[in-house]
Amino acid sequence: MNTYLSELTIIIVTYRTDIEILKNCLNSINKEVKTIIVENSNNFKDIKEIENQFKNTKIYCTGSNLGMGSGNNFGLKKVNTKYALVLNPDTICEGNFFSAINKYLRGDVDFTIIGGSYKGNESFKPAGFFDGKDLKFAKYIKEFNLYEVDWIVGHTILINMEKFKEKIFFDENYFLFYEETDLCMAVKKRGENVYMCPDLIVDHLGWKGSFAINKKFEIDSIKLRNWHYMWSYFYYHKKNYSYLYSIKKCLGRFFRSIIRIIYYILTFDKKNRTIYTYRLFGLINSVFLRKSIFRINFKD
């Protein structure tokens, strides 16, 4: 079989990522594929170990925590191949992943984005439609084993770089969440193709690609994740529909958060109180058109 993997570069954005989790990801990548790690800080302490062990890998530090969208933009601007694969650091590519992806690198399929699928986890949808339709309604292209969809999940995104002449990819107003959905929306508005391939299977650990794996920072992780989830949720709907639509969309979440905060205060449930307090904070900041500024600051 002819291989086109030299036409592919992988982008992995890290932030204080556990070295063993990152190694598991890198070990699952075909050695023919160039890999760029973007560390969202000013120091990647294991740089020599990684670059010595994985000769196909180059590491860049951004100097600060840019978030997922901006971090991936940083890496994508360094890509010189025809295709790029955005991959989360807490993923493991299954055995036939690269033989499956190879057929989409030949240029036979007109696509802008192709998303992957979860390994053995049917509780998470790998793709879907903006109107909420189920994946079973997707148009299936048997020849290439692809489903035509509106959006795909962000842990695995194959990008046709030739479709982005101006090198504008993710909206950098997002820090976490919805940046890939927003990208898919922009692609669909241009009349281009977004697909999901059930053969591009990854084992996704989920929220293990940064400092969140450290129990010491569990509460910090909860604050960051929930603040940005609601900030991005409101911003996405405001940007792609309207401010009024987003207000209506979030009104129920606003009142539910207040009720749950009160309930969890009364029941002394600190974890859930924190979740809904920071969801409320994120939503309020987005409603008042403030930037996604919330960060966790580490001294070390």
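Definitions and cut-offs
- Residues numbered from 1 in each chain as written.
- Predicted model: local features only at pLDDT ≥ 70, side-chain atom pairs only at ≥ 80, totals over all residues.
- Heavy atoms only, no water.
- Helix = DSSP H or I, 4+ residues; strand = E, 2+ residues; numbered from the N terminus.
- Rg over C-alpha atoms; globule rule 2.2 N^0.38 Å.
- Buried < 20%, exposed > 50% of the residue type's maximum accessible area, 1.4 Å probe, protein only.
- Patch = residues over 30% accessible without salt bridge, like charges linked within 9 Å, V, L, I, M, F, W, Y side chains within 5 Å.
- Areas by Shrake-Rupley, 256 points an atom, 1.4 Å probe, with all protein chains shown as cover.
- Salt bridge = Lys/Arg side-chain N within 4 Å of Asp/Glu carboxyl O.
- Pairing = 2+ DSSP bridges.
- Right-handed = clockwise from strand over helix to strand, strands pointing away.
- Core = buried A, V, L, I, M, F, W, Y, C linked by side-chain atoms within 4.5 Å.
- Contact = heavy atoms within 4.5 Å.
- Phe/Tyr/Trp six-rings, centres within 6.5 Å; stacked < 30°, edge-to-face > 60°.
- Lys NZ or Arg CZ within 6 Å of the ring centre and 35° of its normal.
- Polar contact = N/O pair within 3.5 Å; in protein donor to acceptor, adjacent residues only side chain to side chain.

## Describing the overall build of the chain
Helix and strand content of the chain: eight helices and 12 strands. A compact globule built from 300 residues should have a C-alpha radius of gyration of about 19 Å, and the chain, at 19 Å, falls within 12% of that. Along the three orthogonal principal directions, the C-alpha set of the chain runs to about 65 × 45 × 35 Å. Relative to its 300 residues, the chain shows a buried fraction of 51%.

## Structural notes on a nonpolar patch on the surface
Taken together, Leu251, Phe255, Ile258, Ile262 and Leu266 make up a surface patch of nonpolar side chains, about 480 Å² in accessible area. As for its placement among the helices and strands, Ile262 is situated in helix H7 (residues 243-266).

## Brief notes about the pairing of strand S2 (residues 34-39)
In terms of burial, S2 is a largely internal element, five of the six residues being buried. Sheet analysis places strand S1 (residues 8-14) next to S2, joined by six bridges and oriented parallel. Residue pairing for S2: Thr14 is matched across the bridge by Glu39. Note on the crossover from S1 through helix H1 (residues 19-27) to S2: the handedness is right-handed. Relative to strand S3 (residues 57-61), S2 is paired through five bridges, and the arrangement is parallel. Within S3, the residue paired with Ile36 across the bridge is Lys58.

## Quick word on the nonpolar core
Side chains that are nonpolar tend, in soluble globular proteins, to be buried together. Core analysis: the largest hydrophobic core is formed by 44 residues, its most contacted members being Leu76, Ile113, Val149, Ile152 and Ile159. For this core, the element with the highest residue contribution is helix H6 (residues 218-240), accounting for eight residues. Leave out the neighbours within four places in its chain, and Val149 touches Ala127, Gly128, Phe129, Leu135, Ala138, Lys188, Val194, Tyr195 and Met196. Val33, Phe111, Phe144 and Leu158 belong to the second-largest nonpolar core, a separate cluster that totals 35 residues.

## So, the packing of aromatic side chains
Applying the stated criterion across every chain yields a total of 20 aromatic pairs. Measuring from centroid to centroid gives 6.5 Å for Tyr236 and Tyr241, while their planes differ by 75°, and the two rings are edge-to-face. With relative accessibility at 4%, the residue Tyr236 sits in the buried group. Members of the aromatic cluster, each reached through a chain of ring pairs, are Phe177, Tyr178, Tyr229, Tyr233, Tyr236, Tyr241 and Tyr245. Over the ring of Phe129 we find Lys133, and its NZ or CZ is 5.1 Å from the ring centre. Positioned above the aromatic ring of Phe175, the side-chain terminus of Arg295 is 3.7 Å from the ring centre.

## Points about the side chain of Asn240
Secondary-structure assignment places Asn240 in helix H6. Taking relative accessible area as the criterion, Asn240 reaches 13% and is therefore assigned buried. For Asn240, the side chain forms a polar contact with the side chain of Asp182, separated by 3.0 Å. Beyond its immediate sequence surroundings of up to four residues, Asn240 is in contact with Tyr174, Asp182, Met185 and Lys189.

## What about unusual backbone geometry?
Positive phi, close to 70°, is recorded for Tyr178, a residue that is not glycine. On the secondary structure map, Tyr178 appears in the loop between strand S11 (156-160) and helix H5 (179-189). On the accessibility criterion, Tyr178 (18% relative accessible area) is buried. You will see that Phe268, though not glycine, has its phi angle at about 55°, which is positive. In this structure, Phe268 sits in the loop between H7 and helix H8 (270-287). Of the residues examined, Phe268 reaches a relative accessible area of 75% and is grouped as exposed.

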